[in-house]
Amino acid sequence: MIRPSKHTRIYSLYEIRIILFYASMLWLMPILLVITYVFEFDVILDINLFLLWSIFGVFILSALGTIGLLLNKDKLKRQVKPAYLGEYYYLLFVNALGMLGFVVFYDYLGGDRQYIANILILLAAVLVYVLLRLGRAFFKIDYMKKK
């Protein structure tokens, strides 16, 4: 039996930027919450109103960014790299800050602080699995490969 050869697909910069942009937009509000928590803006601001405005701002930025990606689609589709290591590190950084922001969001909503460690462990396990899969499939980064 003849098996088809394994062809690994190399993704263009357009696909990578889509992944990075939407991951950034997904975690933008939690990252903003980390900043408000570190600099204690929650004392000055009404946090519920800030959450509402930040969600609105993230939707506006997402729409503008999507339009920008669509306008540059042809140019970005022609740019290809064999591996996207810098982009993958950016994705790791955004996810780490977003995970911390999710915990701050949980705290702002009045969640019991006793369960923060449980939430972090579950969220970290899911994110590590997703990031390892994304790294292998799209960014061509395989941590388990021997050199």
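Up top you'll find the structure we're talking about.
The following refers to the structure shown. (Residues numbered from 1 in each chain as written. Predicted model: local features only at pLDDT ≥ 70, side-chain atom pairs only at ≥ 80, totals over all residues. Heavy atoms only, no water.)

What to know about the packing of helix H1 (residues 13–38) against helix H5 (residues 85–108)
The N-to-C vectors of H1 and H5 enclose an angle of 35°; their axes lie 7 Å apart at closest approach. Once H1 is placed against H5, the crossing between them reads as left-handed. For the contact of H1 with H5, the class distribution of residues is 21 nonpolar, five polar and two charged. (Axes fitted to C-alpha atoms, helices over the stretch in contact; angles between N-to-C directions. Helix = DSSP H or I, 4+ residues; strand = E, 2+ residues; numbered from the N terminus. Left-handed = near helix turned anticlockwise from the far one by under 90°. Nonpolar A, V, L, I, M, F, W, Y, C, P; charged D, E, K, R; others polar.)

Regarding a nonpolar patch on the surface
On the surface, Leu32, Ile35, Val38, Phe39, Phe41, Val43, Ile44 and Leu45 cluster together to form a nonpolar patch covering roughly 780 Å² of accessible area. Among the elements of the structure, H1 and helix H2 (41–44) are those that each provide at least two residues to the nonpolar patch. Within the secondary structure layout, isoleucine 35 lies in helix H1. (Patch = residues over 30% accessible without salt bridge, like charges linked within 9 Å, V, L, I, M, F, W, Y side chains within 5 Å. Areas by Shrake-Rupley, 256 points an atom, 1.4 Å probe, with all protein chains shown as cover. Salt bridge = Lys/Arg side-chain N within 4 Å of Asp/Glu carboxyl O.)

What about the packing of aromatic side chains?
Tallied over the entire structure, the rule returns six aromatic pairs. Here tryptophan 53 and phenylalanine 56 contribute two aromatic rings whose centre-to-centre distance is 5.9 Å and whose plane-to-plane angle is 85°, an arrangement assigned as edge-to-face. You can see tryptophan 53 and its partner phenylalanine 56 sitting in helix H3 (residues 47–71), three residues apart, about one turn around the helix. By relative accessible area, tryptophan 53 is classed as exposed at 54%. Judged by relative accessible area, which is 48%, phenylalanine 56 ranks as partly exposed. Geometrically, the ring pair formed by tyrosine 88 and phenylalanine 139 is tilted, given 5.4 Å between the ring centres and 55° between the ring planes. Here tyrosine 88, found in helix H5, pairs with phenylalanine 139, found in the segment after helix H6 (116–137); they are 51 residues apart in sequence, far enough to count as distant. (Phe/Tyr/Trp six-rings, centres within 6.5 Å; stacked < 30°, edge-to-face > 60°. Buried < 20%, exposed > 50% of the residue type's maximum accessible area, 1.4 Å probe, protein only.)

Quick word on the environment of arginine 113
Considering the arrangement of structural elements, one finds arginine 113 in the loop between H5 and H6. Separated by 10 residues in sequence, arginine 113 and valine 103 place their C-alpha atoms 9.3 Å apart. Excluding anything up to four places from it in sequence, arginine 113 contacts Tyr37 and Asp107. Polar side-chain contacts of arginine 113 include one of 2.8 Å to the side chain of aspartate 107. (Contact = heavy atoms within 4.5 Å. Polar contact = N/O pair within 3.5 Å; in protein donor to acceptor, adjacent residues only side chain to side chain.)

Some thoughts on the pattern of salt bridges
Think of it this way: side chains of opposite charge can pair up when their charged atoms draw near. Evaluation of the coordinates by the stated rule reveals four salt bridges. Arginine 9 is the salt-bridge partner of glutamate 15, the closest N and O atoms lying 3.7 Å from each other. Residue arginine 9 is classed as partly exposed on the basis of its relative accessible area, which comes to 49%. We note a salt bridge from arginine 113 to aspartate 107, for which the minimum N-O separation is 2.8 Å. Given a relative accessible area of 16%, aspartate 107 falls into the buried group.

Structural notes on H3
With 25 residues, H3 extends 36 Å between its outermost C-alpha atoms, agreeing within 8% with the 36 Å of an ideal straight helix rising 1.5 Å per residue. When we look at burial in H3, the residues that qualify are Ile47, Leu51, Ser54, Val58, Ser62, Gly65 and Leu69. Where H3 is buried, its residues touch H1, H2, helix H4 (73–77) and H5. (Expected span 1.5 Å × (residues − 1).)

Quick notes on the environment of tyrosine 14
Its location among the elements puts tyrosine 14 in helix H1. Taking the relative accessible area as the measure of exposure, tyrosine 14 reaches 9% and is therefore buried. For tyrosine 14 and valine 130, which are 116 residues apart along the polypeptide, the C-alpha to C-alpha distance reads 20 Å. Once residues within four sequence positions are removed from consideration, tyrosine 14 is found in contact with Leu69, Leu70, Lys73, Leu76 and Lys77.

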